[in-house]
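Chain residues, written in single-letter form:
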Amino acid sequence: MDCSGWVGIVIGFVIPLLISAAVGDGNYYPVTPQLIETMGNELHAVMVQTVLCRLMGAGFAMTSVIWELDSWSLAKQSGVYFFLTCLLMLPIAYVANWMEHSIRGVLIYVLIFVMIFLSVWVTQYLIWKRKINKMNHLVRKEERIRIIHKVSFYVWGKKYIIQEKGMI
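Think of each chain on its own: its residues are numbered from 1, step by step along the sequence as written. Two thresholds apply to this predicted model, a pLDDT of at least 70 for residue-level local features and 80 or more for giving and counting side-chain atom pairs, whereas whole-chain, interface and lining totals are computed over all residues. To get the side-chain values, take all heavy atoms of the structure and skip hydrogens and water.

### Here we look at the overall build of the chain
Logical step 1: Per the convention used, a helix needs a DSSP run of H or I reaching at least four residues, while a strand needs a run of E reaching at least two, with both numbered from the N terminus. Summing up its helical and strand segments, the chain has 5 helices and 2 strands in all.
Logical step 2: The classification of residues rests on relative accessible area computed with a 1.4 Å probe and restricted to protein chains. Under 20% of the type maximum is buried, over 50% is exposed, and intermediate values are partly exposed. Residues classed as buried in the chain amount to 21% of the 168 residues present.
Logical step 3: Residues are treated as being in contact if the distance between any of their heavy atoms lies within 4.5 Å. Long-range pairs, those at least 24 residues apart, make up 41% of the contacts in the chain with a sequence separation of at least 6.
Logical step 4: What sets the accessible areas is the Shrake-Rupley method with a 1.4 Å probe; for residues, cover comes only from the shown protein chains. For the chain, the accessible area works out to roughly 12,600 Å², and carbon and sulfur atoms hold 69% of it.

Now the structure itself:
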């Protein structure tokens, strides 16, 4: 069973929880007031946002296969992934009223999306670069200490050679 959509629901619950805690008045704000107004009541608004978060989680899971395309350059993978996830998030954010419904609101939302995307991308790049450098260091270290034991001996005039790979 694919759980990627459920991850979106969990994230869609945690973010409002953090926002509610940041507001600090003791109330829980699961959705925006605009979405409640659009949907007619808070329950319907929460249901709609939950479905949208599930779609968001599933969408991010589907677009993540781009990172497995080894024939693509990192720039191409990043550009296509950015475009698809932005295309995914924009309508969800619009319907969920996570942004102002105006050109200004869309531009601000895209700017925030770009900043978050770049922050996550740079962080992941640095993490993987460090892991790869560590693996390369271990491989080079292993290659330096690998030796071959070679033993030659003669039996009735015939030469025999035994090779054994080992480590120092």
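### A word on the nonpolar core
Logical step 1: In terms of nonpolar packing, the biggest core is built from 15 residues, with Met56, Met89, Ile92, Tyr109 and Phe113 touching the most fellow members.
Logical step 2: If you list the elements that add at least two residues to this core, you get helix H3 (42–63), helix H4 (74–95) and helix H5 (103–145).
Logical step 3: With 6 residues, the single largest contributor to this core is H4.
Logical step 4: Residues in contact with Met56, not counting those within four places in the same chain, are Gly8, Leu88, Met89, Ile92 and Trp98. The definition of a nonpolar core used throughout is a set of buried Ala, Val, Leu, Ile, Met, Phe, Trp, Tyr and Cys residues joined through side-chain atoms within 4.5 Å.

### Examining the confidence of the model for the chain
Logical step 1: Confidence per residue, as judged by the predictor, is encoded in pLDDT with a range of 0 to 100. Of all residues in the chain, 83% have pLDDT values of 70 or greater, and the mean over the chain is 86.
Logical step 2: Confidence, expressed as mean pLDDT per element, reaches its minimum in the chain at strand S1 (residues 146–155) with 60 and its maximum at H4 with 95.

### Structural notes on the pattern of salt bridges
Logical step 1: Should a side-chain nitrogen of Lys or Arg be within 4 Å of a carboxyl oxygen of Asp or Glu, the pair is scored as a salt bridge. Scanning the model with the defined rule gives 1 salt bridge in all.
Logical step 2: Between Arg104 and Glu100 there is a salt bridge, and its shortest N-O distance comes to 3.4 Å.

### Some words on unusual backbone geometry
Logical step 1: Phi is positive for Asn97, which is not a glycine, with a value near 60°.
Logical step 2: Tracing the backbone through its elements, the reader meets Asn97 in the loop between H4 and H5.

### Brief notes about H3
Logical step 1: A helix is expected to reach a length of 1.5 Å times the quantity of its residues less one. Taking 1.5 Å of rise per residue, the 22 residues of H3 would be expected to cover 32 Å, and the 31 Å separating its terminal C-alpha atoms lies within 8% of that figure.
Logical step 2: Between the side-chain oxygen at the start of H3 and the backbone nitrogen of Leu43 there is a gap of 3.1 Å, and the oxygen is on Asn41. N or O atoms within 3.5 Å of each other form a polar contact, as long as, within protein, one can give a hydrogen and the other can take it, and as long as residues adjacent in sequence are counted only when both atoms are side-chain atoms.

### Considering the environment of Thr38
Logical step 1: Among the structural elements, Thr38 can be located in helix H2 (residues 33–39).
Logical step 2: Distance from Thr38 to Ala96, taken between C-alpha atoms, is 9.5 Å for residues 58 residues apart in sequence.

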